[in-house]
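As a plain string of letters, each chain reads:
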Amino acid sequence: MSTTPTKRRVDVLARFDRHRMVSGDATDLGLVQQVYAQAIALGGESAQFMRGLSQVVAIGMTWVCGFIFQRMWLIYLDPDMFIHVLGFCAMVFFGFSGLGFLIWTYFLTFFLPGDSSVVFDRKNKYVHWVTVDRAKATGLSALGRMPLRVVSVPWSLIDAEHRAVFRANTASASYDHDLAFIVHRSAADPTVMEEFGLAPSMLLGRETVPALYEHIRRYMEEDGPPWSPGVTEPAPFIPKPKNWWQSMGLVGPFGPRYLAWWKQHPGLTLAVHLLFPITIPVYLLWGLFNWLSYATEQKVAWPQNVLDTLGPVLKDDEVRAGKGGKLVAR
């Protein structure tokens, strides 16, 4: 196995203009959670099943680092001074690497906001989202429930970029695409104050990033439809798991949706059964951490003044009737 570190580079492929069409296609990628009379909420639970996976990977990587650490201990005991120092340095490196993996994935798994949606209010030309309130955060709060706040920024102060993260090592090279929103201090001061995202990289690609932004741009600038043009049904809603058993059905076939997994993903389900001795402990841990992630998530209290500007949530039949914007293809 190669130990060559992964090289990471972030490239800006395009900076989007909110007043110009950036793609011939427009799609919401099924990210629209709620539709209001003049606002839409996107994002949030588009990758429920991924929760907890990073913690499982971290445990695996920590085990590998621990195994190498133990081997380096034997080298450390060698009486030759050079090999002794080499073994000590290797132990320090792999020891801290294992600990670093666990800490990094801890923040990706636990005490997440219960509502991570981004609300685009075209009536008032504002964007609202949830972020960590760093002014109230302390060193100890970083390990628990970080204080949250809802940020409201004029749409005119937000620019969007299509970014590509290039990752390469001796075994492979790949790009992860991202739609990044950049918040400026004011119309006269372009200083970047904050950045936020909208969708997991697994949903985004070279073509879907501009198409997703084009859907948002049309909605905010041209009274476009809340769902993708031509779509007459919302994306299927998957409720949050309330216990470990429901999380097991969400992340893999060993749960309450066993037959559904065979029907929807027969190839993957067969492979999981053929590798039963390996996949069972992985899915047990994954389901456990997925459940713990939802059990520890923080409830988000949206300010009443923001909710008042959005108005009531529209039902699906009201959206189809055109109350949130006519469902016509462009």
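Now for a quick tour of the structure. Small disclaimer: the values here were computed from a predicted structure and weren't measured. Every chain begins its residue count from 1, and numbering advances along the sequence as written. At least 70 in pLDDT is required for a residue's local features to be given in this predicted model, at least 80 for side-chain atom pairs to be given and counted, and no such filter applies to totals for whole chains, interfaces and linings, which use all residues. Only hydrogens and water are removed before side-chain values are computed, so all heavy atoms of the structure are retained for them.

**Some thoughts on the overall build of the protein chain**
The condition that has to hold: Strands here mean DSSP runs of E at least two residues long; helices mean DSSP runs of H or I at least four residues long; both are numbered from the N terminus. Using a 1.4 Å probe on the protein chains alone, a residue whose accessible area is under 20% of its type maximum counts as buried, one over 50% counts as exposed, and one in between counts as partly exposed. Contacts are residue-level and defined by heavy atoms, with any inter-residue pair within 4.5 Å sufficient. Under the convention used here, a 1.4 Å probe and the Shrake-Rupley method define accessible areas, while residue burial counts only the protein chains that appear.
Check the secondary structure of the protein chain and you find nine helices and nine strands. A burial count over the protein chain gives 38% of its 330 residues as buried. A separation threshold of at least 6 residues defines the contact pool for the protein chain, and within that pool the share at least 24 residues apart is 69%. Split by element, the accessible area of the protein chain, about 18,700 Å² in all, is 64% carbon and sulfur.

**Looking at the nonpolar core**
For the record, the criterion: To form a nonpolar core, buried Ala, Val, Leu, Ile, Met, Phe, Trp, Tyr and Cys residues must be joined to one another through side-chain atoms within 4.5 Å.
Core analysis: the largest hydrophobic core is formed by 33 residues, its most contacted members being Leu42, Phe120, Trp129, Phe181, Leu212 and Ile216. Residues in contact with Phe181, not counting those within four places in the same chain, are Phe120, Ile158, Asp159, Ala160, Glu194, Glu195, Phe196, Leu198, Tyr213 and Ile216. Formed by 10 residues, the second largest nonpolar core is a distinct cluster that contains Tyr36, Ala39, Val300 and Trp302.

**Brief notes about the packing of helix H4 (residues 244-251) against helix H7 (residues 276-295)**
A pair of packed helices is captured by two measures, namely the crossing angle of their axes and the spacing between those axes. Test applied: Lines fitted to C-alpha atoms define the axes here, with helix axes fitted over just the stretch in contact, and angles between the N-to-C directions of these axes take values from 0 to 180 degrees. Oblique is the label for any angle not under 35 degrees, not over 145, and not in the 65 to 115 range, which are roughly parallel, roughly antiparallel and roughly perpendicular in turn. By definition, turning the near helix anticlockwise from the far helix through less than a right angle yields a left-handed crossing, and turning it clockwise yields a right-handed one. Amino acid classes used here: Ala, Val, Leu, Ile, Met, Phe, Trp, Tyr, Cys and Pro are nonpolar; Asp, Glu, Lys and Arg are charged; the rest, including Gly, are polar.
The contact between H4 and H7 brings their axes to 8 Å, and the two run at 120 degrees. By the angle between their axes, H4 is oblique relative to H7. Once H4 is placed against H7, the crossing between them reads as right-handed. Across the interface between the two elements, Trp244, Ser247, Met248, Leu250 and Val251 of H4 pack against Tyr283, Leu284, Trp286, Gly287, Leu288, Asn290 and Trp291 of H7. For the contact of H4 with H7, a count of residues per class yields nine nonpolar, three polar and no charged.

**What about the packing of aromatic side chains?**
Defined as follows: Only centres within 6.5 Å qualify two rings of Phe, Tyr or Trp (six-membered ring in Trp) as a pair; their planes then separate them into stacked at under 30 degrees, edge-to-face at over 60, and tilted for everything else. The rule for a charge over a ring is simple: NZ of Lys or CZ of Arg within 6 Å of the ring centre, and within 35 degrees of the ring normal.
Per the stated rule, a full pass over the model turns up 14 aromatic pairs. Consider the rings of Tyr106 and Phe111, whose centres lie 6.5 Å apart with planes at 55 degrees: the pair is tilted. Taken together, the ring pairs in this structure connect Phe16, Phe120, Trp129, Trp155, Phe181, Phe196 and Tyr213 into an aromatic cluster. Over the face of the ring belonging to Trp155 we find Arg18, whose NZ or CZ atom lies 5.8 Å from the ring centre. Above the face of the Tyr294 ring, Arg51 is positioned so that its terminal group lies 4.0 Å from the ring centre.

**Overview of the environment of Asp176**
Position of Asp176 relative to the elements: it lies in strand E8 (residues 173-184). For Asp176 and Arg163, which are 13 residues apart along the polypeptide, the C-alpha to C-alpha distance reads 8.3 Å. In this structure, Asp176 is in contact with Arg163, Ala164, Val165, Arg167 and Ser201, ignoring residues within four places of it in sequence.

**Digging into the sheet that holds strand E6 (residues 148-154)**
As a reminder of what qualifies: Two strands qualify as a pair provided DSSP detects at least 2 bridges between them.
Taken in spatial order, the five strands make up an open sheet running E2-E3-E4-E5-E6, and their pairing is antiparallel. Edge positions in the open sheet fall to strand E2 (32-35) and E6, since each of these has one partner strand only. Geometrically, the sheet is characterised by an average inter-axis angle of 20 degrees between neighbouring strands, direction not taken into account. Pairing analysis gives three bridges linking E2 to strand E3 (residues 39-43), with the strands arranged antiparallel. Directly across from Gln34, in E3, lies its bridge partner Ala41.

**A few points about H4**
Worth spelling out the cut-off: Polar contacts, as counted here, are pairs of nitrogen or oxygen atoms within 3.5 Å of one another; within protein the pair requires one atom able to donate a hydrogen and one able to accept it, and residues that are adjacent in sequence qualify only if both atoms are side-chain atoms.
Listed as buried for H4 are Ser247, Met248, Gly249, Leu250 and Val251. On its buried face, H4 is in contact with helix H5 (258-264) and H7. One side-chain oxygen of the residue at the start of H4 lies 3.2 Å from the amide nitrogen of Trp245, identifying that residue as Asn243.

**Some remarks on unusual backbone geometry**
You will see that Leu29, though not glycine, has its phi angle at about 55 degrees, which is positive. Secondary-structure assignment places Leu29 in the loop between strand E1 (7-16) and E2. Phi at Phe111 takes a positive value of approximately 60 degrees, unusual for a residue other than glycine. In this structure Phe111 comes out as partly exposed when scored by relative accessible area, which is 22%.

**Focus on the environment of His273**
Within the secondary structure layout, His273 lies in helix H6 (residues 266-274). Residues His273 and Phe254 lie 19 residues apart in sequence; the distance between their C-alpha atoms is 9.6 Å. Once residues within four sequence positions are removed from consideration, His273 is found in contact with Phe254, Tyr258 and Trp262. Here the side chain of His273 touches Thr269 through a polar contact of 2.8 Å, landing on its backbone oxygen.

**Concerning the side chain of Ser117**
Topologically, Ser117 is positioned in strand E4 (residues 117-121). You can call Ser117 buried: its relative accessible area is 2%. Among the polar contacts listed, one links the side chain of Ser117 to the side chain of Asp115, at a separation of 2.6 Å.

**Some words on the environment of Leu198**
Take Leu198: it is sitting in the loop between strand E9 (192-196) and helix H3 (208-222). A relative accessible area of 8% places Leu198 in the buried class. Taking the C-alpha atoms as reference, Leu198 lies 8.3 Å from Phe181; in sequence the two are 17 residues apart.

**As for the pairing of strand E5 (residues 126-132)**
The buried fraction of E5 amounts to five of the seven residues, a majority that puts the element mostly inside the structure. By the bridge criterion, four bridges tie E4 to E5 in an arrangement that is antiparallel. Opposite Val118, over in E5, you have Trp129 as the bridge partner.

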